[in-house]
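# Examining the three-dimensional arrangement
Here is what each chain is made of, one letter per residue.
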Amino acid sequence: LLSATVPARAAQDYEYGRKLLEQPKVSLENEDLVQRLIEKLLARPVTRPDGCLLQGDLFRKQAAAKKAPERLALLRKADAPYREVAALGKACRLSAEATRQLEALGRDLIKCLLQLANEKDTTPAQVAAYRKEAFALLDHAVSSAKAAADTARPKFDVAFAALKAWEEKVAETDPPPPVPKA
């Protein structure tokens, strides 16, 4: 009976923490409360995914208020908790959310890296390194999207062929109305 209530309580703690982080201006008290929720959730294996996801969200929220170098460090810290939850796959109810957050985090990292590359005090070697990393992240995102599209293509082709057959059948039995003359 107790094990059945733990995930429900963890979900409530996770949602409460998310609500605190979604406020336009997070106070130190709220951030401290979220940190305590994270520690509580990370302490138990059953609730660890909730804690990891909330921890990644906290790092991303903190990163939003920082300058580019600090933002990059916090965004990189947010990557590990999200990956841990996403790696659990379908066994975890939060893996789809973690995957979405990883995609959004990738976009944030690309923006941050390009912003760092465009700053005046960045050396040419750093510019090249930042752009190379941003390109690698972008290439990974594109290849993931292409793989998803390639996976969905056969189902689409079957459905599109059925649609075309239906359109031809309807066109034979019910011709379109004439175009009105102006």
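Shown above is the structure to which this text applies.
Presented here is a report on the structure given in the accompanying data block. (Residues numbered from 1 in each chain as written. Predicted model: local features only at pLDDT ≥ 70, side-chain atom pairs only at ≥ 80, totals over all residues. Heavy atoms only, no water.)

## Concerning the nonpolar core
Counting residues in hydrophobic clusters, the biggest one holds 35 residues, and the most contacted among them are Val34, Leu54, Leu72 and Leu105. Taken together, the elements giving at least two residues each to this core come down to helix H1 (2-22), helix H2 (28-42), helix H3 (48-64), helix H4 (68-86), helix H5 (95-118) and helix H6 (124-173). Per element, the largest residue contribution to this core is 9 residues, and it comes from H5. Non-local contacts of Val34, meaning those with residues more than four positions away in its chain, are made with Gly17, Leu20, Leu21, Leu54 and Leu58. (Core = buried A, V, L, I, M, F, W, Y, C linked by side-chain atoms within 4.5 Å. Buried < 20%, exposed > 50% of the residue type's maximum accessible area, 1.4 Å probe, protein only. Helix = DSSP H or I, 4+ residues; strand = E, 2+ residues; numbered from the N terminus. Contact = heavy atoms within 4.5 Å.)

## Brief notes about the packing of H3 against H5
Orientation of H3 relative to H5, taken along the N-to-C sense of each, is 20 degrees, at an axis distance of 11 Å. Relative to H5, the element H3 lies roughly parallel. Our pair here, H3 against H5, has a crossing hand that is left-handed. Along its contact with H3, which presents Leu53, Asp57 and Arg60, the element H5 presents Glu97, Ala98, Gln101, Ala104, Leu105 and Asp108. Of the residues assigned to the contact of H3 with H5, the class counts are 4 nonpolar, 1 polar and 4 charged. (Axes fitted to C-alpha atoms, helices over the stretch in contact; angles between N-to-C directions. Parallel < 35°, antiparallel > 145°, perpendicular 65-115°, else oblique. Left-handed = near helix turned anticlockwise from the far one by under 90°. Nonpolar A, V, L, I, M, F, W, Y, C, P; charged D, E, K, R; others polar.)

## Observations regarding the environment of Glu29
Along the chain, Glu29 turns up in helix H2. Residues Glu29 and Ala171, spaced 142 residues apart in sequence, show a C-alpha to C-alpha distance of 66 Å.

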